[in-house]
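# Coordinate inspection notes
Listed here are the chains, written in short residue letters.
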Amino acid sequence: MKTVFKLADKVAAFKAKLELWGWRVNRGIFDMFHTLAGILGDTEPEHSFSQLVHDYLSLILKEFERYFPTTKDPRTEICTAKFQNLRTYYRNEKKKLSSFTSVTGARDFAPKWEHFTRLQFLDDTIEPLDSTSNLDYMELEINAVHSIECQHGGCILECCGTASHSMQ
């Protein structure tokens with residue numbers, strides 16, 4: 001199965017091979033080109049010939065760099081994007097947790113997201129983002145808890161005598 005990671009590794013390896021070949025050609029070593037080495041035999045190629053081969057290898061490397069730039073390596077782009085998504089989701093879960101515990105006082109509340117505890121190492125590095133939302137998580141949480149309490153007859157609020165079960 002071919003993945004973007006395997007293909008990116010092959011392109012990077014070929015680019016490294018072109019650089020190595022250019023370095024070797026500059027020193028008059030042509031053994032990586034078997035047919036050419038056989039034609040040349042034991043003769044020492046002229047400097048202009050070595051320079052010509054080196055220039056062609058440099059052009060090939062330049063074209064590979066144009067089509068597969070090192071700065072846009074899909075391996076790092078994909079990993080960076082996935083990590084940023086995880087970090088953002090963790091930050092949002094942490095925000096929900098802090099707002100829930102501050103209002104309800106429940107310290108034993110744990111998020112259900114399976115990666116939450118694994119990502120707690122981020123606590124020292126992430127800063128809360130300033131954002132606005134049209135949803136108030138605490139109001140949603142309180143309404144959900146209130147609704148459950150009302151259904152089970154454990155509600156102590158005055159609103160239970162009416163048909164409406166929203167917070168007043």
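Residues numbered from 1 in each chain as written. Predicted model: local features only at pLDDT ≥ 70, side-chain atom pairs only at ≥ 80, totals over all residues. Heavy atoms only, no water.

The name given to the protein chain in an unreviewed UniProt entry is MADF domain-containing protein, and the organism recorded there is Trichonephila inaurata madagascariensis.

### Some details on the overall build of the protein chain
The helix and strand tally for the protein chain stands at 5 helices and 0 strands. Along the protein chain, helices (α) and strands (β) appear in the sequence α-α-α-α-α when read from the amino end. Going through the 168 residues of the protein chain one by one, you find that 20% of them count as buried. Of all intrachain contacts in the protein chain linking residues separated by at least 6 positions in sequence, the fraction that spans at least 24 positions is 59%. Summing over all exposed atoms, the protein chain offers an accessible surface of approximately 13000 Å²; the carbon and sulfur share of this is 58%. (Helix = DSSP H or I, 4+ residues; strand = E, 2+ residues; numbered from the N terminus. Buried < 20%, exposed > 50% of the residue type's maximum accessible area, 1.4 Å probe, protein only. Contact = heavy atoms within 4.5 Å. Areas by Shrake-Rupley, 256 points an atom, 1.4 Å probe, with all protein chains shown as cover.)

### A look at the side chain of Ser50
For Ser50, the location among the structural elements is in helix H3 (residues 47-67). Residues contacting Ser50, with those up to four places away along its chain left out, are Val25, Gly28, Phe30 and Pro45.

### Topic: the nonpolar core
Inside soluble globular proteins, nonpolar side chains tend to come together where they are buried. With 8 residues, the main nonpolar core is built from Leu18, Trp21, Val25, Phe30, Met32, Leu40, Val53 and Leu57. Elements with a contribution of two residues or more to this core: helix H1 (4-26) and H3. Sort the elements by how many residues they give to this core and H1 lands first, with 3 residues. Setting aside residues up to four positions removed in sequence, Leu57 forms contacts with Leu18, Trp21, Gly22, Val25 and Phe33. (Core = buried A, V, L, I, M, F, W, Y, C linked by side-chain atoms within 4.5 Å.)

### Here's the deal with the environment of Leu57
Examined against the element boundaries, Leu57 turns out to sit in helix H3. On the accessibility criterion, Leu57 (7% relative accessible area) is buried. Each C-alpha atom of the pair Leu57 and Lys15 lies 10.0 Å from the other, and the pair is 42 residues apart in sequence.

### Quick notes on H1
Because the α-helix completes a turn every 3.6 residues, residues three or four places apart line up on one side. For H1, spanning 23 residues, the distance from its first C-alpha to its last is 33 Å, which sits close to the expected 33 Å at 1.5 Å a residue. For H1, every residue scored as buried is listed here: Ala8, Val11, Lys15, Leu18, Trp21, Gly22 and Val25. (Expected span 1.5 Å × (residues − 1).)

### As for the packing of aromatic side chains
Counting across every chain of the model gives 6 aromatic pairs. Taking the centre distance of 5.0 Å and the plane angle of 50° together, the rings of Phe14 and Phe64 count as tilted. One end of the pair, Phe14, is in helix H1; the other, Phe64, is in helix H3, and 50 residues separate them in sequence. Since its relative accessible area comes to 29%, Phe14 is described here as partly exposed. Judged by its relative accessible area of 24%, Phe64 is partly exposed. A centroid spacing of 5.2 Å and a plane angle of 65° characterise the contact between Trp21 and Phe33, whose relative ring orientation is edge-to-face. With Trp21 in helix H1 and Phe33 in the loop between H1 and helix H2 (34-40), this pair connects stretches of sequence that are 12 residues apart. (Phe/Tyr/Trp six-rings, centres within 6.5 Å; stacked < 30°, edge-to-face > 60°.)

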